[in-house]
Amino acid sequence: TLSFASKAYAEPFFMQNTLTCDDADKVLSIVKDKHNETLIWMGEITPDIFQSLWVNQEKQSWTIIVVNKALSKACLVSTGVGFADFMSQLGKAI
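Every chain begins its residue count from 1, and numbering advances along the sequence as written. The predicted nature of this model means local features are confined to residues of pLDDT at least 70 and side-chain atom pairs, given and counted, to a pLDDT of 80 or more, with totals for whole chains, interfaces and linings taken over all residues. Excluded from the side-chain calculations are hydrogens and water; all other atoms, namely the structure's heavy atoms, are used.

K.L.:
I tried to follow the state of the cysteines on my own but got confused; where do I start?
P.N.:
Formally, a disulfide is one covalent bond, and it connects the sulfur atom of one cysteine to the sulfur atom of another. We call a pair of cysteine sulfur atoms a disulfide whenever their separation is within 2.5 Å. Taken as a whole, this structure holds one disulfide when the rule is applied. Bridging Cys21 to Cys75, the disulfide has an S-S length of 1.9 Å. Measuring the twist about the S-S bond at about 105°, one finds the Cys21-Cys75 disulfide to be right-handed. Placement of the pair is Cys21 in strand β3 (residues 20-23) and Cys75 in strand β7 (residues 73-81), with a sequence separation of 54 residues. Each residue is placed in one exposure class: buried if its accessible area under a 1.4 Å probe, protein chains only, is under 20% of its type's maximum, exposed if it is over 50%, and partly exposed if it falls in between. Taking the relative accessible area as the measure of exposure, Cys21 reaches 43% and is therefore partly exposed. The buried category is assigned to Cys75, whose relative accessible area is 14%. Each helix corresponds to a stretch of at least 4 residues labelled H or I by DSSP, and each strand to a stretch of at least 2 residues labelled E; elements are numbered beginning at the N terminus.

Right, dumping it as structure tokens:
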């Protein structure tokens, strides 16, 4: 469940997102082989749980995955098409 606060009222609201999970090797294979996405960022949540961002620059597709290394399981958090690369803007006024 995600919680967001509205700037105007500062009252939180909730969104639910159903996660698709499977063996980590299977999920990663779909992202890498089927969608030709490349890992560009990974962050540690706990010593065994990592979240990662995968992108295909050419097709402008992206996938966010969470991996539980201890269980060898992975879940698709979200996927989409279209993004802006703000990393290329580092050091410049946006």
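Picking up after the structure, the text goes on.
K.L.:
Whenever I open this one, the sheet that holds β3 confuses me. Can you help?
P.N.:
Strands are treated as partners if at least two bridges between them are detected by DSSP. Pairing within the open sheet is antiparallel, and its five strands lie in the order β3-β7-β6-β5-β4. Since the sheet does not close on itself, it has two edges, and those belong to β3 and β4 (38-46), each with one partner. When strand polarity is set aside, the average angle formed by the axes of neighbouring strands in this sheet is 25°. Where β4 meets strand β5 (residues 49-56), seven bridges bridge the pair, whose relative direction is antiparallel. Residue pairing in the sheet places Met42 in a bridge with Ser52 of β5. Fitted lines through C-alpha atoms give the axes, limited to the stretch in contact for helices. The angle between two N-to-C directions lies from 0 to 180 degrees.

K.L.:
Mind showing me how you'd approach the pattern of salt bridges here?
P.N.:
Opposite charge on two side chains permits them to pair, given that their charged atoms come into close proximity. Every case where a carboxyl oxygen of Asp or Glu lies within 4 Å of a side-chain nitrogen of Lys or Arg is listed as a salt bridge. Throughout the structure, instances matching the rule amount to two salt bridges. Residue Lys26 is joined to Asp22 by a salt bridge in which the shortest nitrogen-to-oxygen separation is 3.3 Å. Judged by relative accessible area, which is 47%, Lys26 ranks as partly exposed. Note on Asp22: relative accessible area 29%, which makes it partly exposed. Residue Asp23 pairs with Lys73 through a salt bridge whose shortest N-O separation is 2.7 Å. Residue Asp23 is located in strand β3, and its partner Lys73 is located in strand β7; the two are separated by 50 residues in the primary sequence. Residue Asp23 is classed as partly exposed on the basis of its relative accessible area of 39%.

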